[in-house]
Amino acid sequence: MTRHAVVALTVAAAVGGLTAPTALANSAPAAPAAVPASVPTDPVVTGATVNGGKDVVVGTTERKTFTVTVHGSDDSGLQFADVDLLGPAVGFYTTDNYCETATACTTTFTVDPHPDPYNENTDLRNANAGRWYVNTLVDTNDGASLLAKNAGGFLLKRAAALTVNAAPEPVVKGGTITVTGKLTRANWDTYRYAGYTGRSVALQFRPKAGDTYTTVKTLTTNGTGNLRTTVKATSDGYWRWSFAGTTTTAPKNATGDFVDVR
């Protein structure tokens, strides 16, 4: 993988041979001379978009590939971008690529929850979850370079899983429905899912003829990530648990469990 040394920006506008027109007596001041289009401008990095603006969510078995697009401009056009991702617990990834347009440079990253036998320290650990930042060194077609730190950011999250079971099915109207479930999340240290404890999870209901879930109550997962509560049976519909997510763990909705109320 090609790496570029950080180069100080030395682009300077050199304009010579231009003289202002002589002002006529009693006339209005002459307008400033227009700057020729050929005069170089400094390169600018305006930002970076990661994974199309979405969080990067990784489970325990599959690699996750995502793009980072650096946006910027220069009178000669952007040519090449070297992109570094820096995150918690000394997390670091790097890649580079030629720019696809004069104002955009896209590179591709792949993160893996499992160790890479051919590249040490490239697997994810639980401590890597959280906010990451984008640093980039951009080269222009006229030979200038610009280092932009914190050009963008994103959240790298552990995937979550959420189950639900509403019983009995069917149930007599006015009877009691017991709703259980479990919230787990990817553990990048053990490559398994484990209970996510002490987290607020909403119990939601959607009528059989409706299309919108409404929160009925909110519970906190116990020491193993389990959930259990009871509700009164009033009408046919779907029950599910809904987890809003955290800065380190992705949100998750369980698939609704239908209960026939008779």
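Before any of the text, the structure's been laid out above.
What counts, and at which threshold
Residues numbered from 1 in each chain as written. Predicted model: local features only at pLDDT ≥ 70, side-chain atom pairs only at ≥ 80, totals over all residues. Heavy atoms only, no water. Phe/Tyr/Trp six-rings, centres within 6.5 Å; stacked < 30°, edge-to-face > 60°. Helix = DSSP H or I, 4+ residues; strand = E, 2+ residues; numbered from the N terminus. Buried < 20%, exposed > 50% of the residue type's maximum accessible area, 1.4 Å probe, protein only. Lys NZ or Arg CZ within 6 Å of the ring centre and 35° of its normal. Pairing = 2+ DSSP bridges. Axes fitted to C-alpha atoms, helices over the stretch in contact; angles between N-to-C directions.

According to the stated counting rule, one finds eight aromatic pairs in the structure shown. Between F66 and F154, the ring centres sit 5.8 Å apart and the planes meet at 50°, which makes this aromatic pair tilted. In this pair, F66 sits in strand β3 (residues 64-73) while F154 sits in strand β8 (residues 145-158), placing the two residues 88 residues apart along the sequence. For the pair F66 and F154, one class covers both residues: buried. An aromatic cluster is present here, built from F66, Y93, F109, W132 and F154 joined pairwise through their rings. The ring of Y196 has R185 lying over it, and the distance from NZ or CZ to the ring centre is 3.8 Å. The ring of Y213 carries R240 above its face, with NZ or CZ at 3.8 Å from the centroid.

Here we take up the pairing of strand β12 (residues 200-207). The element β12 is largely enclosed, with a buried count of six among its eight residues. In terms of strand pairing, β12 meets strand β13 (residues 214-220) through six bridges, oriented antiparallel. In the strand pairing of β13, Q204 is matched with T215. One ladder, built from six bridges, connects β12 with strand β15 (residues 237-243); its direction is antiparallel. By the bridge assignment, A202 is partnered in β15 with S242.

Another point: the sheet that holds β3. Spatially, three strands are ordered β1-β3-β6 in an open sheet, and the strand pairing comes out antiparallel. Single-partner strands in this sheet number two, and they are β1 (44-50) and β6 (104-111). This sheet shows a mean twist of 20° between the axes of neighbouring strands, independent of strand direction. With eight bridges joining them, β3 and β6 adopt antiparallel strand pairing. If you follow H71 over to β6, its bridge partner there is A104.

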